[in-house]
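# Architecture at a glance
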Amino acid sequence: MEPGFWLQRWHGKQIGFHQSKPTPLLLKHWPSLGIAPGSRVFVPLAGKTLDMAWLASQGLQVLGVELSRLAVEQFFAEQGLTPQIEESRYGRHYRSGPIELICGDAFALDDAALSECDAVFDRAALIALPTGLRRRYVRELHVRLPSRCRGLLITLEYPQHEKDGPPFCVREDEVRELYGRDWEVATLERRDILDQQPTFIAEGVTALETVVYRLDRR
């Protein structure tokens, strides 16, 4: 899946994955991680998610990375924030208060970029990627997070043959295979959400669950 695919989605306003409020499962399960105020939270493939604003409201520092400049600029505009902007080898950095968004390629981030991250939150990154890129995403990006890191991962499970991704179906056995080498993986909740997703029903999907995992970096 080429970067141009996502850039076109943003320019064409095909962003059904964007939510108009913070993720309820984030609000429910984040406190159980015990992340201390002031800690830095990594949000990969962030878009303009309101989850970043919620995490910042909890006294956390937020580091997001997003390919689309349009998404980054819309996030700050919609939050009523005027960011400071500077360039680095990772891309263009937008900063306002506790929130920093890097407009650039997530795979270009190195150990130094992520060394101060104490936590990670992934609601829509892993499930946005096809199989080969999912492996690269975990083995090349998540591996750079430090050993103290903890986080939440949210996935979707449905019969993949009934719908073309993204978002893609990522089943529990794949999550454990991808993360098991470097992370402790615990399933926190599995919830049937088909009746809340009319677009999936309209496409003929017959079953849909969301699953929340806790991740602890070894």
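Nothing here was measured: the structure is a model prediction, and the numbers come from that model.

Scoring rules and cut-offs
Position labels on residues start from 1 in each chain and follow its written sequence. The model is predicted, so local features are restricted to residues of pLDDT at least 70 and side-chain atom pairs to those at 80 or more, both for listing and for counting; the totals for chains, interfaces and linings are taken over all residues. To get the side-chain values, take all heavy atoms of the structure and skip hydrogens and water. Between any two strands, pairing holds if DSSP finds at least two bridges. Helix and strand labels come from DSSP, where a helix needs a run of H or I of at least four residues and a strand needs a run of E of at least two; each type is numbered from the N terminus. To obtain each axis, a line is fitted to C-alpha atoms, and for helices this fit is confined to the stretch in contact; angles are then taken between N-to-C directions over 0 to 180 degrees. In this analysis, rings of Phe, Tyr and Trp, with Trp reduced to its six-membered ring, are considered paired at centre separations within 6.5 Å, and the interplanar angle assigns stacked below 30 degrees, edge-to-face beyond 60, and tilted for intermediate values. Summary of the burial criterion: residues with accessible area below 20% of their type's maximum are buried, those above 50% are exposed, and those between are partly exposed, where the area comes from a 1.4 Å probe applied to protein chains only.

With that settled, the discussion passes to the sheet that holds strand β7 (residues 150-157). With respect to topology, nine strands assemble into an open sheet ordered β3-β4-β5-β2-β1-β6-β7-β9-β8, the strand pairing being mixed. In the strand order of this sheet, the two ends are held by β3 (84-88) and β8 (183-192), each with one partner. Adjacent strand axes in the sheet meet at a mean angle of 20 degrees, parallel and antiparallel pairs treated alike. Here strand β1 (residues 40-43) runs beside strand β2 (residues 61-66); their pairing, made up of four bridges, is parallel.

For the coordinates displayed, the defined rule picks out five aromatic pairs. Both rings, one in F75 and one in F76, keep their centres 5.2 Å apart while their planes meet at 85 degrees; by these two values the pair is edge-to-face. The same class applies to F75 as to F76, namely buried. Ring centres of F76 and Y94 lie 6.1 Å apart, and the angle between their planes is 20 degrees; this geometry places the pair in the stacked category. In this pair, F76 sits in helix α4 (residues 69-78) while Y94 sits in strand β4 (residues 91-96), placing the two residues 18 residues apart along the sequence. We note that F76, like Y94, is buried. Aromatic ring contacts, followed pair by pair, group F75, F76 and Y94 into a single cluster.

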